[in-house]
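The primary structure of each chain is shown beneath.
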Amino acid sequence: MTDTEQADTDARPEPDPSSPPDAQADAEPRRPPKKRRKRRDEKAAPPPGNDAPAGPRDPEIERLEQAFERGDYALVRAEAGRLAKEAEHDDVRRAARALLRRIDPDPLAVVLLLAAMALLAFLALWYWSHGHAAP
């Protein structure tokens, strides 16, 4: 036995055989929880409760952000598309494109939905082409 193994066994308290198993588990020293690394997008995000505006101070963008928060995505899609093309300032165009990206469907969800539809069509055609009739 090495010195470190001997030190580990000496430092660990002996569990009392008459105590319940839960108490024995509590007698062992616990390791501190691992620190979770922040993802790249968490580092860039402003702290919660920060009331500073995220985009440019433009009345059109503010109106679209309010519509987005209300859930009026049709208005956001129509007006943000127009703003992204016709706005005078680059900040406004960038903010409008960011709003459009926020309402776009997730590409992975689209691929999975298409795969599910293709599988359903294949199974239905397989069933009908092999002459299985309902009882």
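About the thresholds
Residues numbered from 1 in each chain as written. Predicted model: local features only at pLDDT ≥ 70, side-chain atom pairs only at ≥ 80, totals over all residues. Heavy atoms only, no water. Salt bridge = Lys/Arg side-chain N within 4 Å of Asp/Glu carboxyl O. Helix = DSSP H or I, 4+ residues; strand = E, 2+ residues; numbered from the N terminus. Buried < 20%, exposed > 50% of the residue type's maximum accessible area, 1.4 Å probe, protein only. Core = buried A, V, L, I, M, F, W, Y, C linked by side-chain atoms within 4.5 Å. Axes fitted to C-alpha atoms, helices over the stretch in contact; angles between N-to-C directions. Left-handed = near helix turned anticlockwise from the far one by under 90°. Contact = heavy atoms within 4.5 Å. Nonpolar A, V, L, I, M, F, W, Y, C, P; charged D, E, K, R; others polar. pLDDT = per-residue confidence, 0-100.

A. Representation of the pattern of salt bridges in the model. For the structure shown, the criterion picks out eight salt bridges. Of the charged contacts in the structure, one is a salt bridge between Arg82 and Glu86, with a shortest N-O distance of 3.7 Å. Taken together, the residues span about one helical turn, with Arg82 and Glu86 both in helix 5 (residues 73–86) at a distance of four residues. By relative accessible area, Arg82 is classed as partly exposed at 33%. A residue is classified by how much of its surface remains accessible, and Glu86, at 55% relative accessible area, is exposed. Note that Asp90 is salt-bridged to Arg93, the shortest N-O span being 2.1 Å. One end of the pair, Asp90, and the other, Arg93, are both in helix 6 (residues 90–103), three residues apart, so they sit about a helical turn from each other. By sharing partners, the salt bridges in this structure join Glu60, Arg63, Glu79, Arg82 and Glu86 into a single network.

B. Highlighting the nonpolar core. Counting residues in each nonpolar core, the largest one holds 15 residues, and the members touching the most others are Ile61, Val76, Ala80, Leu83 and Ala96. If you list the elements that add at least two residues to this core, you get helix 4 (59–70), helix 5 and helix 6.

C. Examining the packing of helix 5 against helix 6 more closely. At a minimum axis distance of 8 Å, the contact between helix 5 and helix 6 shows a crossing angle of 145°. Crossing geometry of helix 5 relative to helix 6 is assigned as left-handed. Residues Tyr73, Val76, Arg77, Ala80, Gly81, Leu83 and Ala84 of helix 5 pack against Val92, Arg93, Ala96, Arg97, Leu99, Leu100 and Ile103 of helix 6. A per-class count over the contact of helix 5 with helix 6 returns 10 nonpolar, one polar and three charged.

D. Structural context of the confidence of the model for the protein. For the protein, the mean per-residue pLDDT works out to 76, and 59% of the residues sit at or above 70. Of all helices and strands in the protein, the one with the weakest mean pLDDT is helix 3 (residues 40–44) (52), whereas helix 7 (residues 107–129) scores best (96). Counted against residues more than four places away or in other chains, residues 47–53, with its pLDDT under 50, gives zero contacts.

E. Expanded view of the environment of Arg97. Mapped onto the elements of the fold, Arg97 is located in helix 6. On the accessibility criterion, Arg97 (38% relative accessible area) is partly exposed.

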